[in-house]
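# Structure at a glance
Residues per chain, in single letters:
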Amino acid sequence: MVLLLIVLLPFIGSLCAALLPTNARNAEAWLAGIIALTVVVLTAVQYPQVVDEAVLRLMIPWSRTLGIDFQLRMDGFAWLFAMLISLIGLLVVIYARYYMSPADPVPRFFSFFLAFMGSMLGVVLSGNLLQLAMFWELTSLASFMLIAYWHHRSDARSGARMALTVTGIGGLALLGGVLLIGHVAGSYDLDVVLAASGKIKAHDWYPMILALVAVGALSKSAQFPFHFWLPHAMAAPTPVSAYLHSATMVKAGVFLLARLWPVLAGSDLWFWLIGGAGLCTLLIGGYLALFQNDLKGVLAYSTISHLGLITLLLGMNSELALVAAVFHIINHATFKASLFMAAGIVDHETGTRDINRLSGLYRAMPITATLALVAAAAMAGVPLLNGFLSKEMFFTETVFLGRPEWQRLLLPVAATLAGMLSVAYSLRFIHQVFFGQPAVGLPHQPHEPTRWMLLPSALLVAACLLVGILPAQTVGPFLHTATGSLLGLSAPSYSLAVWHGLNLPLYMSMIALFGGIVLYLPCIGRRSAHIPLLERLDGKQAFNWLLSAVNDFADRLLGYLSSRRLQTQLLVILLVVVVGSLLPFADGPLRLGKRTLTEADPAFALLWVVGALCAVAAAWQAKLHRLAALIMAGGAGLATSLTFVWFSAPDLALTQLAVEVVTAVLILLGLRWLPKRDERFSAGKPEALRAHLRRLRDLLIALAGGGGIAALSYAILTRPTVDGIASFFVKQSLPRGGGLNVVNVILVDFRGFDTFGEITVLAVVALTVYALLRRFRPAPESMALPAQQVEQDLRDAPRGPDPAAGLPTGYLMLPAVLVRLLLPMAMLISVFFLLRGHNAPGGGFVGGLIFATAIILQYIVSGTVWVESRLRIHPLYWIAAGLLCAAAAGIVAAVAGDSFLTSEGWHASLPLLGEIHLSTVLLFDVGVYLLVVGATVLMLIAIAHQSLRSLPRKTETEGAS
Amino acid sequence: MELIFSLAVGIMAASGIYLILRPRTFQLIIGLSLLAYAVNLFIFGMGRLRLGAPPVIAPALGSDPSHYADPLPSALVLTAIVIGFATTALFLVVLLASRGFSGTDHVDGREPEE
């Protein structure tokens, strides 16, 4: 439970932090600080238990069939990392409180900061590899948001994008690797995977797994050749750099390599891949760090270099090297976080991070300078500091490498060279910034920062000293527990003493120390930004080139494979459908069944002669005679409706009929806004041959498609029925659904959830139509009143003495009276259809459509203005009420203890009224009814209102003229 | 009957397919309507054609499935009809908006270069 709390608390804090006001700097810091402190305490008190039980576990079952559970697992190694994350997190929070300026929107900062902390804790405490990959991605996202924190700066944006792209690609590779591991090991459970070590190493996929995991880990830890994103991530606020990009997130890669070390390490491939990348990074990072002119740039490249050192140690395939790697992870986190804080203080107090402008700050800020000096010495590997110890272990390992001769010679030389570089850039950092003549012309007058800003850095430096002087008494037991949990029984014995006597590693250290000083000498006073030898090794340029190349390629491919023209797209789709549906007949022709057919009825034949003529005529006329085409399509729809009723589907026939009416009205309303006939067509211009050919081609496709569907339909109709699930519905309709109309029972009861979804779609579509039309601007030439209406108005205008003067005037007076009388009747009928729906043809859909039609009729005969001045219909309320009714019907069942949308009936016999049956199904159908009314009316009214919109503007212009 | 039914489905589908390959938005909307009729009839036909056997339980006949037409395709098609109406409305509005913005009723939002 405590484990869950450790991971969850930062996320809860993140939510809270996001909700605080923008200027609540203190409240935010308190919140984040308390959360971090709580996590520190919670983690710390787990330690005795971790020592006793070796592994603490927590499992919340999630998806058993997929083998994915939410699993938390804390062993010594995870404990160490959790401690590191929470403790440094706490210090960085304190530091950030004073670093962030009051003008910065702090909720965003602390919110993502805490979210990162939670994700990182999730990574180290995950007991399931898939879950680990998910938290891994979360850290990348949090890092993205934090790098881009000052998103008004373009370097922040591009740095964030680059970091996300590189680590995102790595995350994808990791996911692939994890899936392969899970497949080979048979589970994603970390314990199972660790136990399946032999199986994985022997498997054919081992190289693939290793490569994928390596890409994930190396990109996260900024290892060569993915190292270039880290320096650009320095656009983030310095607390972020200190926390994410030196102490914790970039350690996720090496964490994973160490975590899977027992599973994957030990092979030659591992040595070359991991060790090789580590060695390259170690040297390149150190070399580049020497030539940076930005304080944070030096630290970024030195971080890359030190991560390379850790990776190299992990790649050496030796248990002792693994111990050294874990030790160096801790040491690097302490001194590098402290150095970043110092760099941040310098930046904060002087206004610049340019090494060339800074100098002699020792006088103005002695405490900062001392702290930075000690931390930099630890980084350089000066004795009596923690960096020295892990570096000695590293040197020892290079000397005793169990590899062929030339590698055993090369590696110590490379290690000493890296040590020299490390000394040189540390020296440069300290010497140029804090010593020499006091700098002049700085943006701010430098002075010591507030005590609280120095405290975190001071604590970290104290840790460097303590560990460096008394390693066995301070960090010893924790390191022992951590490596013990990684290696189990094969954990090697080692000594953490400061003094091991005069041996080769010590000589190497001394060479590195003096060599570093010599190496630094030519760099004194160097101001150029030019980097000798490796100038051309610009990762950013390569990355941008690659990115634009990929984009160009995708663009070209898309242009080649796809078309922006709808006709071409539809043509391809139809061709694929026609050809694809022919494929099954490669084995043999379509076979007809032997079902006894129904006898042909001449009336039905006649119906479809008319129907088919209508369909063909609609296709023929749709281009130039829209109204005719619409009427013809309606004719085909009527034939369809009659076919439904003919073949025993009264519900369908009713719905089709009602929809037919509403659709016709809808399209009629839209007709006005379509362009007039193009003069080019009526001018008798001869059409190009290509147009004829195109039409012929489309005709052939249409015939093929239509012929195919007809043949398929006939073949199925002649085959006997299959005993599917239909009989279940018929049998259970009355006993379980309590209704006689099976179709309706299916809709509102058995498959009620489907219907619920469908009416929701209807509501969404109606709202979309409404929203789209609010922004709609008709084409200018359609704004004038239609010619027919103008003509009508002219005819209606009084000419001379009007014989009808004194009589009431208006459109369609007689029909209007009838239609108004019809409204209550139609309402009654619609309710009738709604209520009978459960036992006879009808239901909410049909009822709703009937009512909507009646309302539309009012609009048609009386005009929008007349209707709306007398009858306010609020379709939006109808839609809302419908959805609520339907949902309530479902919830009632849930309250009664059944699953959602189960029908609940209630029988009662009342005096006078007799037997009464109430059911939630009726409530559901009422919901459908209300929603259909609301949605239909909303859509139709929205289109109808377009004419009103152009009207006032028109009268205005008329008035002006 | 089955033959007439199949021919009807085929002819409506062919008319619909021909229309959705045409360049004007109005042709497309009518084409989609015709295609929807054809597809609805086709799905309805999957339950086979029965005369005078609506799936409304008659107390005299009881709940024996052999006495009734297949209710399942009907239930599917019923919602399809309503959703079809909704999408037609949506398409009509998109069509009008596109016409308003681009000034043309070509399906690509611009006249093709001849």
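Note that the structure is predicted; figures quoted are calculated from it, not measured. (Residues numbered from 1 in each chain as written. Chains lettered and ligands numbered in written order. Predicted model: local features only at pLDDT ≥ 70, side-chain atom pairs only at ≥ 80, totals over all residues.)

### Side note on the overall build of chain A
- A count of helical and extended segments in chain A gives 40 helices and four strands.
- Here chain A has a C-alpha radius of gyration of 39 Å; the compact-globule value for 961 residues is 30 Å, and the former is much larger.
- Each of the three principal axes of chain A carries a C-alpha extent, and together these read 120 × 75 × 75 Å.
- Looking at chain A as a whole, 46% of its 961 residues are labelled buried.
- A separation of at least 24 residues holds for 79% of the contacts in chain A among residues at least 6 apart in sequence. (Helix = DSSP H or I, 4+ residues; strand = E, 2+ residues; numbered from the N terminus. Rg over C-alpha atoms; globule rule 2.2 N^0.38 Å. Buried ≥ 20, exposed ≤ 12 C-beta atoms within 10 Å, placed from the backbone. Contact = placed C-beta atoms within 7 Å.)

### Looking at the overall build of chain B
- Within chain B one finds three helices and zero strands.
- On C-alpha atoms alone, chain B measures out to a radius of gyration of 19 Å, which is more than a quarter above the 13 Å that the 2.2 N^0.38 rule sets for 114 residues.
- Here chain B holds 114 residues, and 61% of them are scored as buried.
- The contacts in chain B between residues at least 6 apart in sequence include a share of 51% that link residues at least 24 apart.

### Digging into the nonpolar core
- Residues Leu146(A), Ile147(A), Ala258(A), Ala325(A) and Ala375(A) are the most contacted members of the largest nonpolar core, which totals 202 residues.
- Excluding residues within four positions of it along the chain, Ala375(A) makes contact with Phe335(A), Ser338(A), Leu339(A), Ala342(A), Val461(A) and Cys464(A).
- Formed by 135 residues, the second largest nonpolar core is a distinct cluster that contains Val659(A), Val745(A), Ala935(A) and Leu78(B). (Core = buried A, V, L, I, M, F, W, Y, C linked by C-beta atoms within 7 Å.)

### Remarks on the interface of chain B and chain A
- With 78 residues of chain B in contact, the opposing surface of chain A contributes 96 residues.
- Looking at the side of chain B that touches chain A, the elements with two or more residues in it are α1 (2-20), α2 (25-45) and α3 (71-102) of chain B.
- Looking at the side of chain B that touches chain A, the element that brings in the most residues is α3(B), giving 23 residues.
- A per-class count over the side of chain B that touches chain A returns 55 nonpolar, 14 polar and nine charged. (Nonpolar A, V, L, I, M, F, W, Y, C, P; charged D, E, K, R; others polar.)

### Considering the packing of helix α29 (residues 650-671) of chain A against α3(B)
- Their axes nearest at 10 Å, the elements α29(A) and α3(B) cross at an angle of 5°. Compared by their axis directions, α29(A) and α3(B) come out roughly parallel. Contacts between α29(A) and α3(B) pair Asp651(A), Leu652(A), Thr655(A), Gln656(A), Val659(A), Val662(A), Thr663(A), Leu666(A), Ile667(A) and Gly670(A) from the former with Ser74(B), Val77(B), Leu78(B), Ile81(B), Val82(B), Phe85(B), Thr88(B), Ala89(B), Leu92(B) and Leu96(B) from the latter.
- The residue makeup of the contact of α29(A) with α3(B), split by class, is 13 nonpolar, six polar and one charged. (Axes fitted to C-alpha atoms, helices over the stretch in contact; angles between N-to-C directions. Parallel < 35°, antiparallel > 145°, perpendicular 65-115°, else oblique.)

### Description of the environment of Gly484(A)
Residues and elements named next belong to chain A.
- Assignment of secondary structure puts Gly484 in helix α23 (residues 476-487).
- A C-alpha to C-alpha distance of 35 Å links Gly484 and Phe110, two positions 374 residues apart in sequence.
- Non-local contacts of Gly484, meaning those with residues more than four positions away in its chain, are made with Gly76 and Ala491.

### Some thoughts on the packing of helix α15 (residues 268-290) of chain A against helix α20 (residues 405-434) of chain A
All names here are of chain A.
- Where α15 contacts α20, the axes come no closer than 9 Å and their chain directions differ by 30°. Between α15 and α20, the angle falls in the class roughly parallel. Crossing geometry of α15 relative to α20 is assigned as left-handed. Contacts between α15 and α20 pair Leu279, Leu282, Leu283, Gly286, Tyr287, Ala289 and Leu290 from the former with Ala414, Leu417, Ala418, Leu421, Ser422, Ala424, Tyr425 and Arg428 from the latter.
- Within the contact of α15 with α20, the residues separate by chemical class into 12 nonpolar, two polar and one charged. (Left-handed = near helix turned anticlockwise from the far one by under 90°.)

### Examining the environment of Tyr188(A)
Residue and element names in this part refer to chain A.
- Here Tyr188 lies in the loop between α7 (154-185) and α8 (190-195).
- Distance in space between the C-alpha atoms of Tyr188 and Thr311 is 24 Å, their sequence separation being 123 residues.
- Setting aside residues up to four positions removed in sequence, Tyr188 forms contacts with Gly67, Ile68, Asn128, Leu129, Leu130, Val178 and Gly182.

### Some words on unusual backbone geometry
- At the junction of Phe224(A) and Pro225(A), the peptide bond is cis and its omega measures out at 5° in the coordinates.
- With respect to the secondary-structure elements, Pro225(A) resides in the loop between α10 (206-220) and α11 (229-232).
- Residues other than glycine seldom take positive phi values, yet Ala54(A) does so here, at roughly 70°.
- Along the polypeptide, Ala54(A) turns up in the loop between α3 (47-53) and β1 (56-63).
- In this structure, Arg48(B) is a non-glycine residue whose phi angle is positive, near 65°.
- Following the sequence through the fold, Arg48(B) ends up in the loop between α2 and α3.
- Judged by C-beta crowding, with 20 C-beta atoms within 10 Å, Arg48(B) ranks as buried.

### Some points on the environment of Ala771(A)
Residues and elements named next belong to chain A.
- Looking at where Ala771 falls in the secondary structure, it is placed in helix α34 (residues 752-774).
- On the basis of neighbour counts, which here come to 12 C-beta atoms within 10 Å, the residue Ala771 falls in the exposed class.
- Each C-alpha atom of the pair Ala771 and Ala942 lies 9.0 Å from the other, and the pair is 171 residues apart in sequence.

### Focus on the confidence of the model for chain B
Residues and elements named next belong to chain B.
- Averaged over all residues, the pLDDT of chain B is 89; the fraction at 70 or higher stands at 98%.
- Within chain B, the lowest mean pLDDT, 89, falls on α3, and the highest, 94, falls on α1.
- Overall fold confidence for the complex sits at a pTM of 0.71, while the interface term, ipTM, reaches 0.96. (pLDDT = per-residue confidence, 0-100.)

### A short note on the pairing of strand β2 (residues 68-74) of chain A
Residue and element names in this part refer to chain A.
- Inspection of the sheet shows β1 paired to β2 by six bridges, in the antiparallel sense. Residue Leu56 lies in a different strand from β2, and its bridge partner there is Met74.
- Two successive antiparallel strands, β1 and β2, enclose a turn made up of four residues, where Gly67 displays a positive phi of approximately 70°. (Pairing = 2+ DSSP bridges.)

### Details of α7(A)
- Its 32 residues place the ends of α7(A) 45 Å apart at the C-alpha level, agreeing with the 46 Å of an ideal helix rising 1.5 Å per residue.
- Just downstream of α7(A) lies Gly186(A), where phi reads positive at about 90°. (Expected span 1.5 Å × (residues − 1).)

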